[in-house]
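# Descriptive structure summary
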Amino acid sequence: MSSEPPAPPQPPTHQASVGLLDTQRARNRSPSPLRSNVVPSPLPTRRTRTFSATVRASQGPIYKGVCKCFCRSKGHGFITPADGGPDIFLHISDVEGEYVPVEGDEVTYKMCSIPPKHEKLQAVEVVITHLAPGTKHETWSGHVVSS
């Protein structure tokens, strides 16, 4: 038995000594869409659109336009209207038919406003009427077709 008092505890110098890294790895967490970089979209899709918005869109006029761009991996793109207005947003859930739209495809669509302010528009019930000539088109199942 020594007569020396015990040494005061020293603060840790890095995170590993605190045990933060070890506890984060071992701790089970509930699945979160933000942790896997899948952020829920605030845009109304076919699944999240209200019944009344769906009815209003389906009763609206049919517009014509050309697909400006579409990214299958992101799930959205834009349509340039034939009347020369601003580009219209296009979501993957609103594309009808077997082909993934590509730049230059002629399409018909109806429009629905985007909440919460209802200032912007979204294309719904999008149908590809003419495939862009000289481009490769892909079906939703992955089959590639040249036009």
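This text follows the structure it describes.
To start, this report covers the structure provided alongside it. (Residues numbered from 1 in each chain as written. Predicted model: local features only at pLDDT ≥ 70, side-chain atom pairs only at ≥ 80, totals over all residues. Heavy atoms only, no water.)

A tally of helices and strands in the chain yields three helices and eight strands. The order of helices and strands in the chain, counted from the N terminus, is α-α-α-β-β-β-β-β-β-β-β. Across the 147 residues in the chain, those meeting the buried criterion constitute 24%. Summed over all atoms, the accessible surface of the chain reaches about 10,700 Å², with 57% contributed by carbon and sulfur. (Helix = DSSP H or I, 4+ residues; strand = E, 2+ residues; numbered from the N terminus. Buried < 20%, exposed > 50% of the residue type's maximum accessible area, 1.4 Å probe, protein only. Areas by Shrake-Rupley, 256 points an atom, 1.4 Å probe, with all protein chains shown as cover.)

Right, let's get into the packing of aromatic side chains. Within this structure, the stated rule accounts for two aromatic pairs. Each ring, one from Phe-78 and one from Phe-89, has its centre 5.8 Å from the other, and the planes form 80°; the classification is edge-to-face. Linking Phe-78 in strand S2 (residues 76-81) with Phe-89 in strand S3 (residues 88-91), this pair joins segments that are eleven residues apart in sequence. (Phe/Tyr/Trp six-rings, centres within 6.5 Å; stacked < 30°, edge-to-face > 60°.)

Moving on, we get to the nonpolar core. The biggest cluster of nonpolar side chains holds twelve residues, and these are Cys-67, Phe-70, Ile-79, Ile-88, Leu-90, Val-95, Val-100, Val-107, Tyr-109, Ala-123, Val-126 and Ile-128. Of all the elements in the fold, those that place two or more residues in this core are strand S1 (63-71), S3, strand S5 (106-114) and strand S6 (120-130). The element that contributes the greatest number of residues to this core is S6, accounting for three residues. Ignoring any residue separated from it by four or fewer positions in sequence, one finds Ile-88 in contact with Gly-77, Phe-78, Ile-79, Pro-81, Tyr-109, Met-111, Leu-121, Gln-122 and Ala-123. (Core = buried A, V, L, I, M, F, W, Y, C linked by side-chain atoms within 4.5 Å. Contact = heavy atoms within 4.5 Å.)

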